[in-house]
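Chain residues, written in single-letter form:
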Amino acid sequence: MPYRRLPKTDAARLKALETLTENNDVYTVGGRFIDRQLLAKAQKLYAKLSDACGQHQVSMRTQVRYSKRMVDLQHNAMTFISHFLQVLFLAVERGEVGPEEMELYGISPNERVVPYLKTPEALILWGPKVIQGEKNRIKGGGKPILSPPIGAVAAHFDVFKAKYMAQKQYQTKTTEALADIDAIRPQVDEVILQLWNQIEKHFENEPPETKYALCRKYGVVYYYRRHEKHLE
C-alpha cells in the first residue's frame, strides 16, 4: 500500500497547492467537499510562498552576479593598498618618513609587515586608515608617496567599497527573503495536511485504485515502498 508524504521542498509545496487551487472541480457545487475558508487560506499562502521564493531567487542571482565582479575589484584594492604600504615602509627605512608617523595609518612605529588584507572585511578596515593617514601626513608637511599615489589607492578602494556595500545589501535581502520563506513553511505544511486529510476523507469509500487516482488529481502525493507493486 502506498504511503502519503508531505512535500519536502518549496517547489513541491507550491505544486501541491497549485494542483488543488487550480482544480475547477473544487469550486463546483457537487465537488465542494473542501472547507471554503481552508481553500481561501491555501490560495493566500500559495501567493505568499510564491512571492517569497521569487524574491529569494532574484536576490540570490543578483548576489552571485555581484560576487563575481567583486573578485577583481577586491584584488585590485588589496594590491594597491599592499603596494602603498610596502613603499611606505621603505620610505621609513630610508628616513623619508618618521617611524612615529606610522601611527597616522593605525600602524605601530616599529611595524614593517603589511597587515592581512585578503578578506573584504580586512580591506574595509584598513583602506580608510591608510587613505586618511596619508592625507593627514601630507597636510602636516610630509612628502606624498607617489608609487602608487594615494589618489589611485583611494579610487580602487572606493570602487571596491561601493560594490561591497551593494553586495551586503543584497545579502541582507536574500537573508530576509529566506526568513520569510522559513516563516511561511509551517503554515503551508499545516494547510496541505488539512487539505489532504479532507480529500482522503471524501474518497475513503472508493476502491484503493480509484481512491489514489482521485486523490492524486487534487494534489495528494503517494510513494510506494521498494517491494510494493505500483497500483495503476
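This one's a predicted model, so the numbers in the text were calculated from it and none came from an experiment.

Enquirer: Is there a simple way to think about the pattern of salt bridges in this case?
Expert: When their charged atoms lie close together, side chains carrying opposite charge are able to pair. Using the criterion set out here, one finds 9 salt bridges in the structure. Here R185 makes a salt bridge to D10, at a shortest N to O gap of 2.7 Å. Here the residue R185 occupies a position in helix α4 (residues 150-202), and D10 occupies one in helix α1 (residues 10-21), the gap between them amounting to 175 residues. The closest approach of N and O atoms between E93 and R112, which form a salt bridge, is 3.1 Å. With E93 in helix α2 (residues 36-93) and R112 in the loop between α2 and α3 (120-139), this residue pair connects regions lying 19 residues apart in the sequence. In this structure E93 comes out as exposed when scored by relative accessible area, which is 57%.

Enquirer: Would you mind going over the packing of α1 against α4 with me for this structure?
Expert: Two measures define how a pair of helices packs: the angle their axes make with one another and the distance between the axes. Packing of α1 against α4 leaves a shortest axis separation of 10 Å and a crossing angle of 40°. In terms of orientation, α1 and α4 fall into the oblique class. Read as a crossing pair, α1 and α4 show a hand that is left-handed. Across the interface between the two elements, D10, R13, A16, L17 and L20 from α1 touch I181, R185, V188, D189, I192, L195, W196 and I199 from α4. Partitioned by chemical class, the residues of the contact of α1 with α4 number 9 nonpolar, no polar and 4 charged.

Enquirer: Please explain α4 as it appears in this structure.
Expert: Note that an α-helix has 3.6 residues per turn; residues three or four places apart therefore point the same way. Taking 1.5 Å of rise per residue, 53 residues should cover 78 Å, and α4 covers 76 Å from first to last C-alpha, within 8% of that figure. Along α4, the largest kink reaches about 30° and is centred on I184; proline P186 follows within four residues of it.

Enquirer: Looking at this structure, I do not really get the side chain of R137. What am I missing?
Expert: Following the sequence through the fold, R137 ends up in helix α3. Relative accessible area serves as the criterion here: at 2%, R137 is assigned to the buried category. If sequence neighbours within four positions are ignored, R137 has contacts with V97, E101, L104, Y105, G142, K143, P144 and I145.

Enquirer: Would you mind showing me how to read the packing of aromatic side chains here?
Expert: The geometry of an aromatic ring pair comes down to the distance between the two centres and the angle between the two planes. Here the structure, examined in full by the defined rule, presents 6 aromatic pairs. Aromatic rings pair up to connect F157, F160 and Y164 into one cluster. Between the NZ or CZ atom of R5 and the centre of the ring of Y223, over which it lies, the distance is 4.1 Å. A cation over an aromatic ring shows up here: K129 above the ring of W126, its NZ or CZ 4.6 Å from the ring centre.

Enquirer: What is the right way to read the nonpolar core from this model?
Expert: Counting 27 residues, the largest nonpolar core has L20, I34, L49, V188, L195, W196 and I199 as its most contacted members. When contributions to this core are tallied by element, the ones reaching two or more residues are α1, α2, α4 and α5 (208-217). With 8 residues, α4 is the largest single contributor of residues to this core. Residues within four places of L195 in sequence aside, it is in contact with L17, L20, I34, L38 and A42.

Scoring rules and cut-offs
Note that residues are indexed from 1 along each chain, following the sequence as it is written. Reporting of local features is limited, given that this is a predicted model, to residues whose pLDDT is at least 70; pairs of side-chain atoms are given and counted only at 80 or more, and all residues count toward the totals for whole chains, interfaces and linings. Water and hydrogen atoms were dropped before computing side-chain values, which therefore reflect all heavy atoms in the structure. When a carboxyl oxygen of Asp or Glu is within 4 Å of a side-chain nitrogen of Lys or Arg, the pair counts as a salt bridge. Helix and strand definitions here come from DSSP, where helices need a minimum of 4 consecutive H or I residues and strands a minimum of 2 consecutive E residues; each element is numbered from the N-terminal end. The cut-offs for exposure are 20% and 50% of the maximum accessible area for each residue type, with area from a 1.4 Å probe on protein chains only; residues under the lower value are buried, those over the upper are exposed, and the others partly exposed. Only the contacting stretch of a helix is used when fitting its axis, a line to C-alpha atoms as for every element, and angles between N-to-C directions run 0 to 180 degrees. Here the word oblique covers every angle except those under 35 degrees (roughly parallel), over 145 (roughly antiparallel) and from 65 to 115 (roughly perpendicular). By definition, any crossing whose near helix is turned counterclockwise from its far helix by less than a right angle is left-handed, and any crossing with a clockwise turn is right-handed. By definition, residues are in contact when any of their heavy atoms lie within 4.5 Å. Charged residues are taken to be Asp, Glu, Lys and Arg, nonpolar residues to be Ala, Val, Leu, Ile, Met, Phe, Trp, Tyr, Cys and Pro, and polar residues to be all remaining types, Gly included. Here the expected span of a helix is defined as 1.5 Å times the quantity of residues minus one. The angle between axes fitted to the seven-residue stretch ending at a residue and the seven-residue stretch beginning at it gives the bend at that residue. Ring pairs are drawn from Phe, Tyr and Trp, using the six-membered ring of Trp, whenever the two centres fall within 6.5 Å, and their geometry is named by plane angle: stacked under 30 degrees, edge-to-face over 60, tilted for the rest. The criterion is that NZ of a Lys, or CZ of an Arg, lies within 6 Å of the ring centre and within 35 degrees of the ring normal, and then a charge sits over that ring. Nine residue types can take part in a nonpolar core, namely buried Ala, Val, Leu, Ile, Met, Phe, Trp, Tyr and Cys, and a core is a set of them joined through side-chain atoms within 4.5 Å.

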